[in-house]
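Now for the letters of each chain:
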Amino acid sequence: MVLEQKISPTENMEINKRENIGWIDLLRVTACFLVVFAHCCDPFVARFDTDRPTFLQGCALGSAVRCCVPLFVMMTGVLLFPVRNGMSEFYKKRIGRIVVPLIFWSVMLPVLYFIYLNYITTTDNPTIDMSAFTLEMTITKIWTSFSISTMTPLLCGGGVSVYAGGALLHHPHLPCMLERATRKDIKLFLSIWGISLFLPYIKMPLPHWIYRQLGNMDILGVCDWNAFGSFYYVSGFIGYLILAHYLVKYPLQWSWRKTLAIGIPMFVTGYAITFGGYLIMQEYFPGNYAYLEIVWLFGGINVFMMTFPVFVCIQKLKIPSSPVLSKVASMTSAFICVISSSCKWD
């Protein structure tokens, strides 16, 4: 008698991940490249109306790669689910892998710039202020980088790595929910999360009316004595983590024709909202990042519309595992640490 071996959905997902490691490596490399590209666009965008053609070029290209960070988060959801080790081991491994390189490059980049510009070569580039690369300024940059890497995210606003790291803190807890959740349960969560993607735009016309009524500029229950709105626990990067888990556990059974027929218009529409919205915000609120960043928020519906097609298309690619591709993919975390370090004082 032949006994049929039953494989749990979780084990099946792990098997699929091993078989499709090529596309996961490609996703890591793609996300890393897009993050680097996005940061390269920032200086051009910052020209605004002082150099309109440069601003338009930077805005057009920067808007096209806003899916970079959500792709990184979705990659994390693919690679880290399910969590098999304990919480302390999980945190120790992940935090050590991020914090040590981040601190290292926060120190090394100012030092290398100081050595290069003072002892190896000189420059006549008018955009480089040599007074910013003295020994005293280099020490200041190192201290600033270290402060931002450690204390600043805890005390005030930080970059994307701060709130992406916040999503990572939930990682050991999510598998307990996902392993017991049915497909219908996960779809319900993602549906609620999908509604939260519209909140940045819903909030725009309402605050002034709400302020007149309640004395607070926020919505959905947020007030002076409550900072957590109705969608607080089902919004942001948590949704991208669970979406990636869902798409790997329950892959879309779409042909390439259907994937492109849905994905291309979806991406183009998201891009049009992102690029066009930024230009409109600049016209009515010039240089005001509080409004400009609304259409560039990673938790907005337009950025999701750009992220989803890219992820699905890469997932469908039949890419064999390659030592070279895997090696490059394993180095992406170091690239991100370099970018995070340089952006603190650049």
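Residues numbered from 1 in each chain as written. Predicted model: local features only at pLDDT ≥ 70, side-chain atom pairs only at ≥ 80, totals over all residues. Heavy atoms only, no water.

A. Representation of the overall build of the protein in the model. When helices and strands are tallied, the protein shows 18 helices and zero strands. Per-residue burial for the protein yields a buried fraction of 39% across its 346 residues. Of the contacts made within the protein by residues no fewer than 6 positions apart, 81% connect residues no fewer than 24 positions apart. Here the protein has roughly 19,900 Å² of accessible surface; of this, 66% comes from carbon and sulfur atoms. (Helix = DSSP H or I, 4+ residues; strand = E, 2+ residues; numbered from the N terminus. Buried < 20%, exposed > 50% of the residue type's maximum accessible area, 1.4 Å probe, protein only. Contact = heavy atoms within 4.5 Å. Areas by Shrake-Rupley, 256 points an atom, 1.4 Å probe, with all protein chains shown as cover.)

B. Representation of empty space enclosed by the protein within the structure. Under the defined criterion, the tally for this structure stands at two cavities of 30 Å³ or more. In this structure, the second largest cavity spans a volume of roughly 30 Å³. Lining of the second largest cavity is provided by Trp 254, Thr 259, Ile 262, Gly 263, Phe 308, Pro 309, Val 312 and Cys 313. Only α14 (256–284) and α16 (301–316) provide two or more residues apiece to the lining of the second largest cavity. Ranked by residue count, the leading element in the lining of the second largest cavity is α16, at four residues. (1 Å grid on protein atoms, 1.4 Å probe; cavity = no way out; pocket = protein on both sides within 12 Å on 5 of 7 lines; lining within 4 Å. Points joined across faces, edges and corners; volume = space filled by probe spheres on them.)

C. Geometry of the packing of aromatic side chains. Evaluated as defined, the whole model comprises 16 aromatic pairs. Among the aromatic residues, those joined into a cluster by ring pairs are Trp 193, Phe 237, Tyr 240, Phe 298, Phe 304 and Phe 308. Across the ring face of Trp 256, the terminal group of Lys 316 is positioned such that the distance to the ring centre comes to 5.5 Å. (Phe/Tyr/Trp six-rings, centres within 6.5 Å; stacked < 30°, edge-to-face > 60°. Lys NZ or Arg CZ within 6 Å of the ring centre and 35° of its normal.)

D. Summary view of α14. Helix length check: α14 (29 residues) gives 41 Å between terminal C-alpha atoms against 42 Å at 1.5 Å per residue, within 8%. All of the buried residues in α14 are Thr 259, Gly 263, Met 266, Gly 270, Thr 274, Gly 277, Tyr 278, Met 281 and Gln 282. For α14, the elements touching its buried residues are α2 (21–45), α3 (52–64), α15 (289–292) and α16. (Expected span 1.5 Å × (residues − 1).)

E. Seen up close, helix α10 (residues 183–196). Spanning 14 residues, α10 covers 20 Å between terminal C-alpha atoms, matching the ideal 20 Å at 1.5 Å per step. Turning to α10, its buried residues number three or more, namely Ile 186, Phe 189, Leu 190, Trp 193, Gly 194 and Ser 196. Looking down the long axis of α10, one finds its buried residues gathered within 145 degrees of arc, a one-sided arrangement. For α10, exposure combined with an orientation more than 90 degrees from the buried face picks out Lys 184 and Leu 188. Packed against the buried residues of α10 are α9 (174–180), α11 (199–202), α13 (237–249) and α16. (Arc of directions from axis to C-beta.)

F. Representation of the confidence of the model for the protein. Confidence in the prediction of the protein, expressed as mean pLDDT, is 78, and 73% of residues score 70 or more. Looking at the elements of the protein, mean pLDDT is at its lowest for helix α7 (residues 152–155), recorded as 44, and at its highest for α16, recorded as 96. Contacts for the low-pLDDT stretch residues 10–20, under 50 throughout, to residues beyond four places or in other chains number 17 contacts. Across residues 151–158, where pLDDT falls below 50, the model places five contacts with residues more than four positions away in sequence or in other chains. (pLDDT = per-residue confidence, 0-100.)

G. Quick peek at the nonpolar core. Phe 304 and Phe 311 are the most contacted members of the largest nonpolar core, which has 52 residues in total. Only α2, α4 (68–80), α9, α10, α13 and α16 provide two or more residues apiece to this core. Not counting residues up to four positions away in its chain, the partners in contact with Phe 311 are Trp 23, Leu 27, Leu 71, Met 74, Val 78, Ala 244 and Leu 247. Counting nine residues, the second largest nonpolar core, distinct from the first, contains Val 45, Phe 48, Met 281 and Val 295. (Core = buried A, V, L, I, M, F, W, Y, C linked by side-chain atoms within 4.5 Å.)

H. Main features of the pattern of salt bridges. In total, this model carries one salt bridge according to the counting rule given. When the shortest N-O distance is used, the salt bridge between Arg 52 and Asp 49 registers 3.1 Å. (Salt bridge = Lys/Arg side-chain N within 4 Å of Asp/Glu carboxyl O.)

I. Just the state of the cysteines, in detail. Tallied over the full model, the rule gives zero disulfides. Note on Cys 67: no disulfide assigned, nearest cysteine sulfur contributed by Cys 68 at a separation of 6.6 Å. For Cys 67, a relative accessible area of 2% corresponds to the buried category. (Disulfide = S-S within 2.5 Å.)

J. Spatial organisation of unusual backbone geometry. Positive phi is not limited to glycine here, since Phe 48 has a value of about 50 degrees. Relative to the helices and strands, Phe 48 resides in the loop between α2 and α3. Classification of Phe 48 as buried rests on a relative accessible area of 12%.

K. Geometry of the packing of α10 against α13. Where α10 meets α13, the closest approach of the two axes is 10 Å, and the angle between their N-to-C directions is 145 degrees. Classified by chirality, the crossing of α13 by α10 is left-handed. Contacts between α10 and α13 involve Arg 183, Ile 186, Lys 187, Phe 189, Leu 190 and Trp 193 from the first element and Ile 238, Gly 239, Tyr 240, Ile 242, Leu 243, His 245 and Tyr 246 from the second. For the contact of α10 with α13, the class distribution of residues is nine nonpolar, two polar and two charged. (Axes fitted to C-alpha atoms, helices over the stretch in contact; angles between N-to-C directions. Left-handed = near helix turned anticlockwise from the far one by under 90°. Nonpolar A, V, L, I, M, F, W, Y, C, P; charged D, E, K, R; others polar.)

L. Local environment of a nonpolar patch on the surface. Together, Trp 256, Leu 260, Ile 264, Val 268 and Leu 317 make up an exposed nonpolar region whose accessible area comes to about 420 Å². Relative to the helices and strands, Trp 256 is located in helix α14. The exposure class of Trp 256 is partly exposed, given its relative accessible area of 36%. (Patch = residues over 30% accessible without salt bridge, like charges linked within 9 Å, V, L, I, M, F, W, Y side chains within 5 Å.)

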